[in-house]
Amino acid sequence: MSLFSIFKRKTDAKAVFIGLDSAGKSTIIDFLREGRFINHTPTMGKRKLEIDIEGTRISMFDMGGQQSFRDLWFGEMKTAKCVVFVIDKAAPHRFPEAKAEFQKVLPAIQKEGLKLLILANKHDVPGAASMREIIQGFNLLDVENFEILEVSAKTGYGMATAFSKFYSLLTGKHIQKLNFAGAVSVYTNGGVPIITEMDQNRFERVALEGGFLAAITQFSQMKLPGEIATQFILFESKQNGTFIVARSAHFIGSLLWYKELGVTVDQSKIALGDLLGHLESSCATADENTVSFHVEHYVTNIM
Ligand SMILES: Nc1nc2c(ncn2[C@@H]2O[C@H](COP(=O)(O)OP(=O)(O)O)[C@@H](O)[C@H]2O)c(=O)[nH]1
Ligand SMILES: [Mg+2]
């Protein structure tokens, strides 16, 4: 290690994820790293995960949430810049316990001048607590200097916004949430449309469909060499831009790319690949309504 790499390490930024067991800390961290839902078993003690963004290494400490691990939170917070407190908004019966833990860590957060991001997770669960109920339940009106966002680490709802907020709290630098698509459609692997989401200001449904559905059908009839690997094709449309079409084991997805989005085709391909990877891991064999719901939530990260 050279002198300079030591210098560089100083820009590293550490975040500690805390909150009750089962709030979704590990699932959120994996979503931030992988761009999709990954199912978890309870975390014993702690896990450390790293991502590199624009020259900054971000380490995310995933702290066990069970009672016996909660004392470990304080040690890790001493060297952190940011605390992410995760609340399970679908478990209001645990708000009193979560609030008690929150109030234990709050003085340490304030004393060390740490940034605080509260993620109200499991937004996908029907009947989950509202933002107002959370603010009341945790007495947040009395807390200074924090950010709160609703997310779902299962469907991906709000995760890109959470990521950009997290990144700027942690590094003081601003990253903008990108727009990867003007429209996103998902089909079964047989080519049956499930859902289309589009930028209504720019497109009319009718303009999208000429020739395009034929391409989807063609793609649905193609034999794939591997079962799981996502395959991409590009389909140029004279009027609209480039349709990126991809096929995974259970789905065909398409995303409309055009230059004004300000991202490259390859970046949009990654976004589409992540969407399909996410759908495969969270709702591969689900009914169409469930898949639609997942796409609607996930699209918040893409468009
Ligand atoms: N419905 C739903 N379930 C979630 C969400 N996030 C996590 N889970 C589930 O909640 C359970 C606990 O998640 P985990 O990440 O292990 O929680 P942790 O103990 O805080 O790390 C797992 O079964 C997850 O699949 C979410 O946003 N929505
Ligand atoms: Mg965990």
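Report follows, based on the coordinates. (Residues numbered from 1 in each chain as written. Chains lettered and ligands numbered in written order. Predicted model: local features only at pLDDT ≥ 70, side-chain atom pairs only at ≥ 80, totals over all residues.)

The next thing to look at is the sheet that holds strand E2 (residues 46-53). The strand order E2-E3-E1-E4-E5-E6 describes an open sheet built from six strands, whose pairing is mixed. Whereas interior strands pair on both sides, the edge strands pair on one side only; in this sheet they are E2 and strand E6 (147-150). With strand direction ignored, the average angle separating the axes of adjacent strands in the sheet is 20 degrees. Sheet analysis places strand E5 (residues 115-121) next to E6, joined by four bridges and oriented parallel. Looking across to E6, one finds that Ile118 is bridged to Ile148. Strands in contact with helix H4 (residues 95-112) are strand E1 (13-18), strand E4 (82-88) and E5; relative to E4, the strand with the most contacts, it is inclined by about 170 degrees. Sitting on the sheet, helix H6 (residues 159-171) touches E1, E2, strand E3 (56-63), E4, E5 and E6, and the angle it makes with E5 is about 165 degrees. (Pairing = 2+ DSSP bridges. Helix = DSSP H or I, 4+ residues; strand = E, 2+ residues; numbered from the N terminus. Axes fitted to C-alpha atoms, helices over the stretch in contact; angles between N-to-C directions. Contact = placed C-beta atoms within 7 Å.)

Take H4 next. In this model, H4 (18 residues) spans 25 Å end to end at C-alpha, consistent with the 26 Å of a helix rising 1.5 Å per residue. Of all bends in H4, the biggest is about 30 degrees, found at Val105, and the proline Pro107 comes one to four residues later. What H4 keeps buried is the set Phe95, Ala98, Phe102, Val105 and Ile109. Where H4 is buried, its residues contact E1, helix H3 (72-77), E4, E5 and helix H5 (131-137). (Expected span 1.5 Å × (residues − 1). Bend = angle between axes of the 7 residues up to and from the residue. Buried ≥ 20, exposed ≤ 12 C-beta atoms within 10 Å, placed from the backbone.)

Lining the immediate environment of ligand 1, one finds 21 residues, of which Gly24, Lys25, Ser26, Thr27 and Lys154 sit closest. When residues of the shell around ligand 1 are assigned to their parent elements, the largest contribution, three residues, is made by helix H2 (residues 25-34). Of the residues assigned to the shell around ligand 1, the class counts are five nonpolar, 11 polar and five charged. (Near = placed C-beta within 6 Å. Nonpolar A, V, L, I, M, F, W, Y, C, P; charged D, E, K, R; others polar.)

Most of E1 sits out of view: five of its six residues are buried. Where E1 lies against E3, five bridges are found, and the strand directions are parallel. Looking across to E3, one finds that Phe17 is bridged to Asp62. Across four bridges, the pairing between E1 and E4 is parallel. Residue pairing across strands places Ile18 opposite Phe85, the latter belonging to E4.

A positive phi angle, close to 75 degrees, is found at Ser22, a residue other than glycine. Mapping Ser22 onto the fold places it in the loop between E1 and H2. Positive phi values are uncommon outside glycine, yet Asn139 reaches one of about 50 degrees. Here Asn139 is to be found in the loop between H5 and E6. Judged by the 12 C-beta atoms lying within 10 Å of it, Asn139 falls in the exposed class.

In this section: the pairing of E5. The element E5 is largely enclosed, with a buried count of seven among its seven residues. Both faces of E5 are covered, namely the face carrying Lys115, Leu117, Leu119 and Asn121 and the face carrying Leu116, Ile118 and Ala120. When E4 meets E5, the two strands line up parallel, connected through seven bridges. By the bridge assignment for E5, Val84 is matched with Leu117.

Next up on the list: the sheet that holds strand E11 (residues 251-257). Strand order in the open sheet formed by five strands is E8-E7-E11-E10-E9, with antiparallel pairing between adjacent strands. The sheet is open, and its two borders are formed by strand E8 (193-198) and strand E9 (231-237), each paired with just one other strand. In this sheet, neighbouring strand axes are inclined to one another by 15 degrees on average, regardless of whether the strands run parallel or antiparallel. The pairing of strand E10 (residues 241-247) with E11 spans six bridges and is classified as antiparallel.

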